[in-house]
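Residue-level structure breakdown
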Amino acid sequence: MIAKIGSGKSTAGLIRYLFDTKTAKDHTDPHLVASWDSFAPDPGRADDFEATKKLLVADLDLRVKQARRLGRAPERHVWHCSVRAAPGDRHLTDAEWADIARRIVAATGVAPQGDPDGCRWVAVRHADDHIHIAATKVRGDLRTARHWNDYLKADKELAAVEKEYGLQQVVRGDHTAAKRPTRAETEKARRAGKDKTSRERLRTTVRQLVSTATSPEDFLRLLDGIEGVLVDVQHFPSGDVRGYKVAIEGDTNAAGEPIWFSGARLAPDLSFPKIRERLTVIEIPPTTEPGSRRKPNPWHQATAAAERTPHHLNYGDDEAAQAHIAAFGEAIDVLPLLAPNHLRPQLQQAAIAFERATRSRIHAQQDQARALRGAVRALRGAPVTGDTSGLAMFLDIAVLVVIAIARWHQARRHDQQVAAAHQSLAHLQAAYQQAAAQPLATLAQSNPPARTVERHAQRILIAVPDYAQQVLDAPAWPALAAALTEAENAGQDPEQLLQHAARLRILDDARSIAGTLTWRIQRLATRRAPGDRARAAQARTTATARPAQPGHAHVAPARHR
């Protein structure tokens, strides 16, 4: 069940709407199911509809008029709450809706249970799946009702109602979601032939800029350079930046003025203070590898940084974990800017969905995610080419990170964030399948000798015995065998690489363990090959750490297809 709460100035106007059967198509049988004293006049069941409606309005407004004479009546004295059942729920009886209405007005403080001075209210049912509660905010003692945080209180009560009545338990939020477009905004976008409102388009633009900016100043510079977006930066008297607001060029109000959105109106984490907090703790990785003039692959850097996220979720405190989730969200935001055209729709949808999973009531300890944020900024220099191997490598880890994030939110009962993570996951998996297909196929075409493939198969038995048969039967096994061969030809030890790759993270969630190992081997193999002394030390360490495998079932090596 979902409650929507609002306020107004006209009791008569609200009652007129609730009992209207001419213009409102779903108002099939409007009638009262409950009221403050169970004796309120019901226009829906009266012979003289107009007279009874006026009588009901007068009864509801009685205390408002009394308080107004004393100068104590609130200007917006009408309280309006609609309660709607979830699609698929059974139809509740009038008696059940009456019970729900009484619980809502009691929980919100409009008419506390056992309080003779509670506000006057009525519950009107005019459709099978919802009711409307109309109340006036003046109590019997002529004080204004104390109904602060009424939405949260109503929502909590409805969660209890769902369990007691055996209804669908809807996904509930924590008030950290970005504000949805209004109906007027949606209709305006539709008339203009746009699939997104100005609010949504600006939110996506700003989030992508935050994911690429290296400092608050860089963010404002990038924002000012976006074509079709108007920018207004506000300053304190000292000259420091206080905030910013943006508008779509040509999107104006009735007076012809731009319709501005501050960062906070776009999303809670897009206010300038929040952005400044995130962008002042970035750790940009080195542009060259230590001891070498070779530039590191930015996709490898980002993948390595993202790969550590599940560890922070499992072993860090909640504030640090929340920071890593937000930083990972920045990585998802930047992907559409770096992907080939055919992959952008899926990645854009993944970013839009995951945005909800990046925020919760837990305050992020931003300095805990500096390395990941810096690696994301390093992607800014990655060229957009037809080679999707780097993107596929990152998406492979991204899928497993999102699964870990969904579990973290689920353990804390962040229902909306869990749903958002799962929605994003579907898009990321689809994008990965498209991005990985060609690089894996190209890698497999190198076709190593059969004896070399058999040696790699034996190494798989040692490195990942629990997954060996799954790896050797996988379509991606030829690509993994080719990656191991390339690494071996470059002077790397394939067995050492496999053991390192297997230790990086749990493989249970991987759809294709062979594919995941392929990307890890490729990334690890780019590091400088160890010298003879290092090889000897690694061999001693491995011999000491490797557990005995007595009686382990033999798995026949798969043919290199």
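Residues numbered from 1 in each chain as written. Predicted model: local features only at pLDDT ≥ 70, side-chain atom pairs only at ≥ 80, totals over all residues. Heavy atoms only, no water.

Across its full length, the chain holds 22 helices and eight strands. Taking 24 Å as the expected radius of gyration for a compact globule of 561 residues, we find that the chain reaches 31 Å, considerably beyond that expectation. Seen through its C-alpha atoms, the chain measures out along the principal axes to roughly 95 × 65 × 40 Å. Counting all 561 residues of the chain, 51% fall into the buried class. When contacts within the chain are restricted to residue pairs at least 6 apart in sequence, those whose partners lie at least 24 apart make up 73%. Carbon and sulfur atoms form 50% of the exposed surface of the chain, whose accessible area is close to 27800 Å². (Helix = DSSP H or I, 4+ residues; strand = E, 2+ residues; numbered from the N terminus. Rg over C-alpha atoms; globule rule 2.2 N^0.38 Å. Buried < 20%, exposed > 50% of the residue type's maximum accessible area, 1.4 Å probe, protein only. Contact = heavy atoms within 4.5 Å. Areas by Shrake-Rupley, 256 points an atom, 1.4 Å probe, with all protein chains shown as cover.)

This brings us to the packing of aromatic side chains. By convention here, two paired aromatic rings are described through the distance between centres and the angle between planes. Considering all chains together, one arrives at five aromatic pairs under this definition. Taking 5.5 Å as the distance between ring centres and 75 degrees as the angle between the ring planes, the aromatic pair formed by F219 and Y244 counts as edge-to-face. Taken together, the residues F219 in helix α7 (residues 216-224) and Y244 in strand β7 (residues 241-248) connect sequence positions 25 residues apart. Across the pair, Y244 and F219 agree in class, each one buried. Members of the aromatic cluster, each reached through a chain of ring pairs, are W299, F328, F354 and F394. (Phe/Tyr/Trp six-rings, centres within 6.5 Å; stacked < 30°, edge-to-face > 60°.)

For helix α10 (residues 298-307), a buried count of ten out of ten residues is recorded, marking the element as mostly surrounded by other parts of the structure. Tucked inside the fold, the buried residues of α10 contact α11 (309-315), α12 (318-338), α14 (370-378), α15 (389-411), α20 (494-504) and α21 (513-525). Sitting at the head of α10, N297 places a side-chain oxygen 2.8 Å from the backbone nitrogen of W299. (Polar contact = N/O pair within 3.5 Å; in protein donor to acceptor, adjacent residues only side chain to side chain.)

With that settled, consider the sheet that holds β7. Across the sheet, which stays open at both edges, the three strands sit in the order β6-β7-β8 with antiparallel pairing between neighbours. Strands with a single pairing partner mark the edges of an open sheet, and in this sheet they are β6 (229-235) and β8 (261-262). Looking at chain direction, β7 and β8 are connected through two bridges and run antiparallel. By the bridge assignment for β8, K245 is matched with S262. (Pairing = 2+ DSSP bridges.)

To continue, consider the pattern of salt bridges. Should their charged atoms come close, side chains of opposite charge can pair. Using the criterion set out here, one finds 33 salt bridges in the structure. In this structure, the salt-bridge partner of D232 is K245, at a minimum N-O distance of 3.7 Å. In this pair, D232 is assigned in strand β6 and K245 in strand β7, connecting sequence segments 13 residues apart. If you follow the salt bridges from partner to partner, you end up with R207, D269, R278, E330, D333, E355, R359, R373 and R377 in one network. (Salt bridge = Lys/Arg side-chain N within 4 Å of Asp/Glu carboxyl O.)

A word on the nonpolar core. If you look at the biggest cluster of nonpolar residues, it comprises 87 residues, and the most contacted ones within it are F328 and F394. For this core, the leading source of residues is α15, giving 16 residues. When residues no more than four places from it in sequence are discounted, the contact partners of F394 are W299, A302, T303, A306, F328, A331 and L335. Counting residues in each nonpolar core, the second largest holds 29 residues, with W79, V83, I131 and A135 among its members. (Core = buried A, V, L, I, M, F, W, Y, C linked by side-chain atoms within 4.5 Å.)

Examined against the element boundaries, I275 turns out to sit in helix α9 (residues 272-279). Taking the C-alpha atoms as reference points, I275 and G256, 19 residues apart in sequence, are found 30 Å from one another. Not counting chain neighbours up to four residues away, the residues in contact with I275 comprise V210, F219, Y244, D269 and L270.

For T136, the location among the structural elements is in strand β5 (residues 130-136). Judged by its relative accessible area of 1%, T136 falls in the buried class. A polar contact of 2.7 Å, which involves the side chain of T136, links it to the backbone oxygen of L60. The residues touching T136, leaving out its near neighbours within four places in the chain, are T11, L60, D61, V64, H77, C119 and R120.

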